[in-house]
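Here is what each chain is made of, one letter per residue.
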Amino acid sequence: MNINLLLVALAIVPCLPASAYGHRLDEYLQAALISLEKDHVQVAMRLVPGVAVSDFVLKSIDTNADGVISQSEQQAYAERVLRDVSLAIDARQLRPRIISMEFPRVEDMREGLGEIRIEFSADFPLGGPKRSLTFENHHQRAIAAYLVNCLVPRDPDIRVVAQNRSRQQSSYQLDYVQAGVSPIPLVSGWQDERVWLSMAALFLFARFAILWRQAHGPTRL
Amino acid sequence: MNFCSMGAIPNTIRSIPVVALIWLSATAGMAQTATSRIVTAANAFVSTLDVRQRQKVLFAFDDKQQRKRWSNLPTGAVPRGGISLKDMTPAQRAAAMALVASALSARGFEKVQQIMEGDEMNKTNERNGPPFGRGRRGPPPGGFGGAPPPDGFGGGPPPGGPPPPFGRGGNGGQMFGRDLYFISILGRPSEKNPWMLQFGGHHLALNITIAGERGVLTPTLTGAQPALYTINGKTVRPLGQESDKALALLNGLDESRRKQAILNYRVADLVLGPGEDGKTIQPEGLKASNMTAKQRAMLLDVISEWAGIIHESAAAARMAELRADLDETWFAWSGPTTAEPGHNITAYYRIQGPHLVIEYAPQELGGDPAMHVHTMYRDPTNDYGRKFTGQ
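Residues numbered from 1 in each chain as written. Chains lettered and ligands numbered in written order. Predicted model: local features only at pLDDT ≥ 70, side-chain atom pairs only at ≥ 80, totals over all residues. Heavy atoms only, no water.

### Describing the overall build of chain A
Then comes step 1: The secondary structure content of chain A amounts to five helices and 10 strands.
Then comes step 2: Expressed as a percentage of its 221 residues, the buried residues of chain A come to 46%.
Then comes step 3: For chain A, restricting intrachain contacts to residue pairs at least 6 apart in sequence, the fraction spanning at least 24 positions comes to 68%.
Then comes step 4: For chain A, the exposed area adds up to about 11900 Å²; of that, 58% sits on carbon and sulfur atoms. (Helix = DSSP H or I, 4+ residues; strand = E, 2+ residues; numbered from the N terminus. Buried < 20%, exposed > 50% of the residue type's maximum accessible area, 1.4 Å probe, protein only. Contact = heavy atoms within 4.5 Å. Areas by Shrake-Rupley, 256 points an atom, 1.4 Å probe, with all protein chains shown as cover.)

What follows is the structure in structure tokens.
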């Protein structure tokens, strides 16, 4: 974040025209709504830069400054947002993927009316009946006004137990329980790459040991 | 309530006979049900329109785009459907406002007028210079003195130069003012079949579904900027009760309940504002089942500020529904727990139940959040009356 640019943006707030009435001026509202399913999570983000910071935000989107937010610029910005958020289940990082994005016109953004919508989702590794989802958002933190909420799960088997947030809502932890899930899923770890790598290493080691023994004959004590 | 002072005198005088007829036809007969009264007023309004205007005002009941065409923002920023009071004759304005009045309670209609009048102040300030500060007293461009019947807000332009060419939209560059409120009708006004009345502009979005004798007001957005002003020597706070009653409830909680109600994080804006139809977030805060009888009564009183905007019989049915849900209703507060006397709170609060979401969100726009508030009123199970209409 260029703090000088931010200070300039804040300094111009009192000089803004009346078109600035009625909506956020000097903050970048970033509202996340989380939809929880047993096997995945979906996050809908609504990003609204206020008119005093919209030029600053726009520069980071319209990177070639041609006054149009191209498809590739949309994709690049959405991916940047995604890099600035983190999503984890039971302390294991998830790899969210973008499922949709919608960008306003540059003119609307300049007037502080533009609303960017980005949706992403991530699959869960199998887990037990008690789970904990964490969501962190550090995108444009110097100007951000964060909101994060969980929608009431559609699946009646899922029950939210607790929600905890940091003061500015940049960090969010959601604890929930789910019915119909075995308490200690024996195969859940199999989805972890580390388990597969360990097993492959063990297999190679065993194979190597067998070959070595064949080559050198039985050891006589 | 006073309608006359809301518009310029010449227009008022010209429109008195028409207004009187509309008012009489809309209210005649105590035996009339609320729905028949509203339908009569709707037909009276539509009959004043020419063909071109009717085409603009009337939409199909299932027009999903038009349903969602509402916002807290000025109409120059987010264009609405229908036609504005500005584009009506005094008689048409009177009929439009009589229709809105017929669907609302007296207090609800007064609230609507106060929100619109606040926007007229924005218009004055738009012309006169920079935004107002707390408690700035502006000259009354219209006023609240006088006697009914409604004159339809038919004011001429207030003194001052032409407005600066702000924004886009079709308002000739005008962003604010009591005449920049739009009305539309979805479906055919009927005592039996469902239809909708939409009325709104800056800081106001009324979505009223009429389905037989049922009336549904959700989703509805109210807002105020300035949230406090003086007109003809009278102090007006359009959403003052929403603020004061909630603060009284918070102050009426003992320490442990208060601790449950107060969220330990900042809520910067509405969570379920425009564009967030049909969503239900996980509730938080203090559950009303853990409140005393007095606290529960106070909570219902806060809720009534929104539920009571619609006409009395629909409001009574709605309050009965919300009373039955009370055990499962939550109250959550975020922000300062005190307010300057006579001013609105600067805290966010939310009331949420199985059939209810109310949000009160002061706006921090580099100015005084006590002077600018947005509120949202929803029934996630019945927004646009879909429970009764199937659409």
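Having seen it, we continue.
### Observations concerning the sheet that holds strand β9 (residues 158-165) of chain A
Residue and element names in this part refer to chain A.
Then comes step 1: Taken in spatial order, the five strands make up an open sheet running β4-β3-β7-β10-β9, and their pairing is antiparallel. Each edge of the open sheet is held by one strand with a lone partner, namely β4 (92-93) and β9.
Then comes step 2: Where strand β3 (residues 85-89) meets strand β7 (residues 130-137), five bridges bridge the pair, whose relative direction is antiparallel. The residue of β7 that forms the bridge with alanine 88 is threonine 134.
Then comes step 3: Contacts between helix α3 (residues 71-84) and the sheet are confined to β3 and β7, with β3 contributing the most and set at about 55° to the helix. (Pairing = 2+ DSSP bridges. Axes fitted to C-alpha atoms, helices over the stretch in contact; angles between N-to-C directions.)

### Digging into the pairing of strand β7 (residues 220-224) of chain B
Residues and elements named next belong to chain B.
Then comes step 1: Counting buried residues along β7, five of its five residues qualify, which places the element largely inside the surrounding structure.
Then comes step 2: Burial along β7 is two-sided: Thr220, Thr222 and Ala224 and Leu221 and Gly223, pointing in opposite directions, are all buried.
Then comes step 3: Both β7 and strand β14 (residues 373-378) contribute to a ladder of five bridges, which runs antiparallel. Within β14, the position partnered with glycine 223 by the bridge is histidine 374.

### With respect to the sheet that holds strand β5 (residues 97-102) of chain A
Residue and element names in this part refer to chain A.
Then comes step 1: Spatial ordering of the open sheet is given by β5-β6-β2-β1-β8, a layout of five strands whose pairing is mixed. Strands at the two margins of the open sheet, each flanked by one partner only, are β5 and β8 (144-150). Ignoring which end each strand starts from, the neighbouring axes of this sheet average 15° apart.

### A few points about the environment of valine 53 of chain A
All names here are of chain A.
Then comes step 1: Structurally, valine 53 is set in the loop between β2 (40-49) and α2 (54-61).
Then comes step 2: When its relative accessible area of 1% is taken as the criterion, valine 53 is described as buried.
Then comes step 3: Along the chain, valine 53 and aspartate 155 lie 102 residues apart, while their C-alpha atoms are 39 Å from each other.

### Regarding empty space enclosed by the protein
All names here are of chain B.
Then comes step 1: One pass over the full model with this rule turns up four cavities of 30 Å³ or more.
Then comes step 2: Taken as a whole, the largest cavity encloses approximately 100 Å³ of empty space.
Then comes step 3: Looking at the largest cavity, it is lined by 14 residues, and the ones nearest its centre are Arg69, Trp70, Gln198, Phe199 and Gly200.
Then comes step 4: If you list the elements that add at least two residues to the lining of the largest cavity, you get β3 (182-186), β4 (195-201) and β5 (204-211).
Then comes step 5: When grouped by side-chain class, the residues that make up the lining of the largest cavity number five nonpolar, seven polar and two charged. (1 Å grid on protein atoms, 1.4 Å probe; cavity = no way out; pocket = protein on both sides within 12 Å on 5 of 7 lines; lining within 4 Å. Points joined across faces, edges and corners; volume = space filled by probe spheres on them. Nonpolar A, V, L, I, M, F, W, Y, C, P; charged D, E, K, R; others polar.)

### Quick word on the interface of chain B and chain A
Then comes step 1: With 40 residues of chain B at the interface, the matching set in chain A holds 33 residues.
Then comes step 2: Between chain B and chain A the total buried area reaches about 3000 Å² when both faces are included, carbon and sulfur atoms providing 52% of it.
Then comes step 3: The tally of links from chain B across to chain A stands at four salt bridges.
Then comes step 4: Measuring nitrogen to oxygen at the nearest pair gives 3.1 Å for the salt bridge that ties glutamate 276 of chain B to arginine 117 of chain A.
Then comes step 5: Across the contact surface, chain B and chain A share nine residue pairs in polar contact (both at pLDDT 80 or more).
Then comes step 6: Here the element with the most residues in the side of chain B that touches chain A is helix α6 (residues 106-128) of chain B; it accounts for three residues.
Then comes step 7: Considered class by class, the residues forming the side of chain B that touches chain A number 16 nonpolar, 15 polar and nine charged. (Buried area = accessible area lost by both parts, 1.4 Å probe. Salt bridge = Lys/Arg side-chain N within 4 Å of Asp/Glu carboxyl O. Polar contact = N/O pair within 3.5 Å; in protein donor to acceptor, adjacent residues only side chain to side chain.)

### A look at the packing of aromatic side chains
All names here are of chain B.
Then comes step 1: On inspection of all chains with the given rule, the structure shows seven aromatic pairs over all chains.
Then comes step 2: Ring centres of tryptophan 306 and tyrosine 349 lie 6.4 Å apart, and the angle between their planes is 80°; this geometry places the pair in the edge-to-face category. One end of the pair, tryptophan 306, is in helix α9 (residues 293-307); the other, tyrosine 349, is in strand β12 (residues 348-353), and 43 residues separate them in sequence. Tyrosine 349 carries the same exposure label as tryptophan 306, and that label is buried.
Then comes step 3: Centroid distance tyrosine 349 to tyrosine 360: 5.1 Å. Interplanar angle 10°. Geometry classified as stacked. Of this pair, tyrosine 349 sits in strand β12 while tyrosine 360 is found in strand β13 (residues 356-362), placing the two residues 11 residues apart along the sequence.
Then comes step 4: Residue class for tyrosine 349 comes out buried when judged on its relative accessible area of 0%. (Phe/Tyr/Trp six-rings, centres within 6.5 Å; stacked < 30°, edge-to-face > 60°.)

### Re the pairing of β4 of chain B
Residue and element names in this part refer to chain B.
Then comes step 1: The element β4 is extensively covered by neighbouring structure, given that seven of its seven residues are classed as buried.
Then comes step 2: Of the two faces of β4, both are covered, the one formed by Trp195, Leu197, Phe199 and Gly201 as well as the one formed by Met196, Gln198 and Gly200.
Then comes step 3: Two strands pair when backbone bridges link them, and β3 and β4 are joined in this way by five bridges, in the antiparallel orientation. Across the sheet, the residue bridging to isoleucine 185 is leucine 197, located in β4.

### Topic: the environment of aspartate 175 of chain A
Residue and element names in this part refer to chain A.
Then comes step 1: Locating aspartate 175 in the fold gives a position in strand β10 (residues 171-178).
Then comes step 2: C-alpha of aspartate 175 to C-alpha of arginine 165: the two residues are 10 residues apart in sequence and 12 Å apart in space.
Then comes step 3: Not counting residues up to four positions away in its chain, the partners in contact with aspartate 175 are Arg131, Ser132, Val160, Val161 and Ala162.

### Observations regarding helix α2 (residues 34-47) of chain B
Then comes step 1: Its 14 residues give α2 of chain B an end-to-end C-alpha distance of 20 Å, which sits within 8% of 20 Å, the value for a rise of 1.5 Å per residue.
Then comes step 2: Within α2 of chain B, the full set of buried residues consists of Ala34, Thr35, Ser36, Ile38, Val39, Ala41, Ala42, Ala44, Phe45 and Val46 of chain B. (Expected span 1.5 Å × (residues − 1).)

### A word on the side chain of aspartate 155 of chain A
All names here are of chain A.
Then comes step 1: Examined against the element boundaries, aspartate 155 turns out to sit in the loop between β8 and β9.
Then comes step 2: Since its relative accessible area comes to 17%, aspartate 155 is described here as buried.
Then comes step 3: Apart from residues lying up to four places away in sequence, aspartate 155 is in contact with Glu37 and Lys38.

### Looking at the side chain of serine 170 of chain A
Then comes step 1: Following the sequence through the fold, serine 170 of chain A ends up in the loop between β9 and β10.
Then comes step 2: Setting aside its immediate chain neighbours within four residues, serine 170 of chain A contacts Phe135, Glu136, Asn137 and Tyr146 of chain A.

### Examining the nonpolar core
Then comes step 1: Within the largest apolar cluster, 70 residues are counted, with the highest numbers of intra-cluster contacts made by Phe45, Phe199, Leu206, Ile303, Phe331 and Tyr349 of chain B.
Then comes step 2: In terms of residue count, the dominant contributor to this core is helix α5 (residues 90-103) of chain B (seven residues).
Then comes step 3: In terms of nonpolar packing, the next biggest core, distinct from the first, is built from 40 residues, Phe56, Ile69, Ala78 and Ile116 of chain A among them. (Core = buried A, V, L, I, M, F, W, Y, C linked by side-chain atoms within 4.5 Å.)

### Things to note about the pattern of salt bridges
Then comes step 1: Under the defined criterion, the tally for this structure stands at 30 salt bridges over all chains.
Then comes step 2: The salt bridge involving aspartate 244 of chain B is made with arginine 237 of chain B; its shortest N-O contact spans 2.8 Å.
Then comes step 3: Several salt bridges converge on common partners, so that one network encompasses Arg46, Glu115 and Arg117 of chain A together with Glu276 and Lys279 of chain B.

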